[in-house]
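Now for the letters of each chain:
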Amino acid sequence: MNCEALHSRLLGSERPDRLTADVSAHLKTCAACRKWQRRLVHLERNVALLPVAPAPRGKAEFVRQFIAAELEPLSPECEVFSESTNGVTTIQVWKFEKLASALRSSLRVPRATLNAFPAPARRRIAAVLAASLLLLAFGLWINSPTSLFAPKPPDPLLASVVERDLRLAAAKSPSERVETLADLADDLQGSTRTLIDAGQPDDLKALADLYEQVVRDGIVLQAKSLPPEEQARLLEGIADRLVAAGDEAENRAKVLPESSAAPLNIIIRAARDGDRNLRKLLREGRS
Amino acid sequence: MNRFVFALPLILCASLAAADSPRRLSIAEQAASLQQNLGLIRSVVGNSLSLAREEDRLKRADACSKTAADLCREIQHAADAGDSARAAELALHLRKLLTQGVSSILKDAHKDIPPGVSDEQRLREIQERTVNELRSLEEHLPASSTSDDLDLTIHRVREGRVEVEKAVVWPKNETEK
């Protein structure tokens, strides 16, 4: 063993005063290393005597409460080993034993592997691992859709309106058309209500006008071409949806100034007219 | 140091969770999008009402083709303004409209129209007008090497145009007329 290897070995050891045979053999022949080892042992002993800052008040209070806490009665099947500490407090030792054994079993193998490396090398490995994890986390965040650098997602209203349009292009029956128009109307009134606080008044009015157009020139007009049995199957549900849309718009409009509520008033009017017309068709179909 | 090291797996888990949840437009962003897209939304809703109302396949194809032309104009504006992300988004809608709307209606219409009648000529005009519109857009879009989104836009427009061209293939002598 040379001097450098001996220094590494002693630095990595938890007890530099306990010498192995090869270390002892080297120390017998090397005066410089003997002196170095004595200084290290001296240092280790004095480190333990350094004053420790008092615990924060919260932590000290927690420890005091923990020790002073009353014990819960134990179930008979629990094996209890109790021991007295400072003559006053009793601690449920079995709980600590169980925890300690679990910790020991989980740490035993890594600890053995880790001890094969000297302490400075362990610190370097830990630092490299920490840096790699941070880098990985940062990379994931940068590439995630929630990141500030992520591209802006598509406009949900436009995407949904295009989807409805394509469904109408492929629709084979009048009932399919009426159902799709009802979905389109829901998209338009939903967006108007969502954006009522943030959108431009003219844009919101235009959206509400489109809703009115879809209900009046789309749903109601197409509903007339449905056979009576299809009217009975579909129109009740669509009329209920119109009522719900009208009610929701009305509730929202109540808490807004009159000028801001104008688009919602268009929706309320269109929904109620649509509902009335659909129910009239239903009555006519039944009679 | 130990606390820091123990916090790292938590940071990693949080990053994984964040990476898994898609970003949505905020209300303010949606309001801005509405302002930008209102013209298109009007056009698409108008087309939807026509599609709901019309039984005539040629009129349905014509309505879809006009909406496609509106989308082409918006894509050109977005590309000219350097907003290639918006151009790519709109090109996606255009491709869907061309493949699932214009192209499929043209195919169905062609099956129903007997050869030589005036409707066949109208069908051909709608197809040619749409293809010309798309070719013009492809030619006027900026050079593709400038951005990935622009590449995507050109690719989507081209795919849509090819679908419309394939919808009805006219005999060669008729095409040359």
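Residues numbered from 1 in each chain as written. Chains lettered and ligands numbered in written order. Predicted model: local features only at pLDDT ≥ 70, side-chain atom pairs only at ≥ 80, totals over all residues. Heavy atoms only, no water.

### Let's talk about the overall build of chain A
Then, in step 1: The helix and strand tally for chain A stands at eleven helices and two strands.
Then, in step 2: In sequence order, the secondary structure elements of chain A are arranged as α-α-α-α-β-β-α-α-α-α-α-α-α.
Then, in step 3: The buried share among the 287 residues of chain A stands at 32%.
Then, in step 4: Here the analysis covers contacts within chain A between residues at least 6 apart in sequence; of these, 57% occur between residues at least 24 apart. (Helix = DSSP H or I, 4+ residues; strand = E, 2+ residues; numbered from the N terminus. Buried < 20%, exposed > 50% of the residue type's maximum accessible area, 1.4 Å probe, protein only. Contact = heavy atoms within 4.5 Å.)

### Re the overall build of chain B
Then, in step 1: Each helix and strand in chain B was counted, giving seven helices and zero strands.
Then, in step 2: Seen in sequence order, chain B has helices and strands lined up from the N terminus as α-α-α-α-α-α-α.
Then, in step 3: Across the 177 residues that make up chain B, the buried fraction comes to 45%.
Then, in step 4: When the accessible surface of chain B is totalled, it reaches about 9,300 Å², and 52% of it is carbon and sulfur. (Areas by Shrake-Rupley, 256 points an atom, 1.4 Å probe, with all protein chains shown as cover.)

### Description of the interface of chain B and chain A
Then, in step 1: If you look at the interface, chain B gives 46 residues, while chain A gives 48 residues.
Then, in step 2: Broken down residue by residue, the surface that chain B buries against chain A is led by B:Arg23, B:Leu34 and B:Leu49, which jointly contribute 15%.
Then, in step 3: Scanning the region where chain B abuts chain A turns up three salt bridges.
Then, in step 4: B:Lys96 is the partner of A:Glu163 in a salt bridge, and the nearest nitrogen-oxygen pair spans 2.7 Å.
Then, in step 5: Linking chain B to chain A there are ten residue pairs in polar contact (both at pLDDT 80 or more).
Then, in step 6: Those elements giving two or more residues to the side of chain B that touches chain A turn out to be α1 (2–20), α2 (27–53) and α4 (84–112) of chain B.
Then, in step 7: It is α2(B) that provides the largest number of residues to the side of chain B that touches chain A, a total of 20 residues.
Then, in step 8: Residues of the side of chain B that touches chain A, tallied by class, amount to 23 nonpolar, twelve polar and eleven charged. (Buried area = accessible area lost by both parts, 1.4 Å probe. Salt bridge = Lys/Arg side-chain N within 4 Å of Asp/Glu carboxyl O. Polar contact = N/O pair within 3.5 Å; in protein donor to acceptor, adjacent residues only side chain to side chain. Nonpolar A, V, L, I, M, F, W, Y, C, P; charged D, E, K, R; others polar.)

### Points about the nonpolar core
Then, in step 1: Ranked by size, the top nonpolar core spans 88 residues in total, and within it A:Tyr211, A:Ile219, A:Leu235, A:Leu278, B:Val45, B:Leu94 and B:Leu106 carry the most contacts.
Then, in step 2: Among the elements that line this core, the one with the most residues is helix α9 (residues 201–224) of chain A, at eleven residues.
Then, in step 3: Setting aside anything within four residues of it in sequence, one finds A:Tyr211 in contact with A:Ala185, A:Leu188, A:Gln189, A:Leu242, A:Ala245, A:Ile267, A:Ala270 and A:Ala271. (Core = buried A, V, L, I, M, F, W, Y, C linked by side-chain atoms within 4.5 Å.)

### Digging into the packing of helix α5 (residues 118–140) of chain B against helix α6 (residues 148–167) of chain B
All names here are of chain B.
Then, in step 1: The geometry of α5 relative to α6 is characterised by a closest axis approach of 10 Å and an angle of 160° between their N-to-C directions. Taken together, the axes of α5 and α6 are roughly antiparallel relative to one another. In the packing of α5 onto α6, the handedness of the crossing is left-handed. Seen from α5, the contacting residues are Gln127, Thr130, Val131, Leu134, Arg135, Leu137 and Glu138; seen from α6, they are Val157, Arg158, Gly160, Arg161, Val164, Glu165 and Ala167. (Axes fitted to C-alpha atoms, helices over the stretch in contact; angles between N-to-C directions. Parallel < 35°, antiparallel > 145°, perpendicular 65-115°, else oblique. Left-handed = near helix turned anticlockwise from the far one by under 90°.)

### As for the pattern of salt bridges
Then, in step 1: Counted under the stated rule, the structure contains 37 salt bridges over all chains.
Then, in step 2: A salt bridge links A:Arg164 to A:Asp187; its shortest N-O distance comes to 2.8 Å. With A:Arg164 in helix α7 (residues 156–170) and A:Asp187 in helix α8 (residues 174–194), the pair connects residues that are 23 residues apart, well separated along the chain. For the pair A:Arg164 and A:Asp187, one class covers both residues: buried.
Then, in step 3: Note that B:Arg158 and B:Glu138 form a salt bridge whose closest N and O atoms lie 3.6 Å from each other. With a gap of 20 residues between them, B:Arg158 in helix α6 and B:Glu138 in helix α5 connect regions that are remote in the sequence.
Then, in step 4: Judged by its relative accessible area of 39%, B:Arg158 falls in the partly exposed class.
Then, in step 5: Look at B:Glu138 and you get buried, because its relative accessible area is 16%.
Then, in step 6: Here the residues in one salt-bridge network are A:Glu236, A:Asp240, A:Asp275, A:Arg279 and A:Arg286, joined through shared partners.

### Side note on the confidence of the model for chain B
Residue and element names in this part refer to chain B.
Then, in step 1: Overall, the predicted model of chain B reaches an average pLDDT of 87, with 83% of residues at or above 70.
Then, in step 2: Of all secondary-structure elements in chain B, the lowest mean pLDDT belongs to helix α7 (residues 172–176), at 57, while α2 reaches the highest, 95.
Then, in step 3: Scored as a whole, the predicted complex attains pTM 0.65, and scored at its interfaces, ipTM 0.84. (pLDDT = per-residue confidence, 0-100.)

### A look at a positive patch on the surface
Then, in step 1: Together, A:Arg34, A:Lys35, A:Arg38 and A:Arg39 line one region of the surface with positive charge.
Then, in step 2: Structurally, A:Lys35 can be placed in helix α3 (residues 31–47). (Patch = residues over 30% accessible without salt bridge, like charges linked within 9 Å, V, L, I, M, F, W, Y side chains within 5 Å. Lys, Arg positive; Asp, Glu negative; His and termini not counted. Charge placed at Lys NZ, Arg CZ, Asp CG, Glu CD.)

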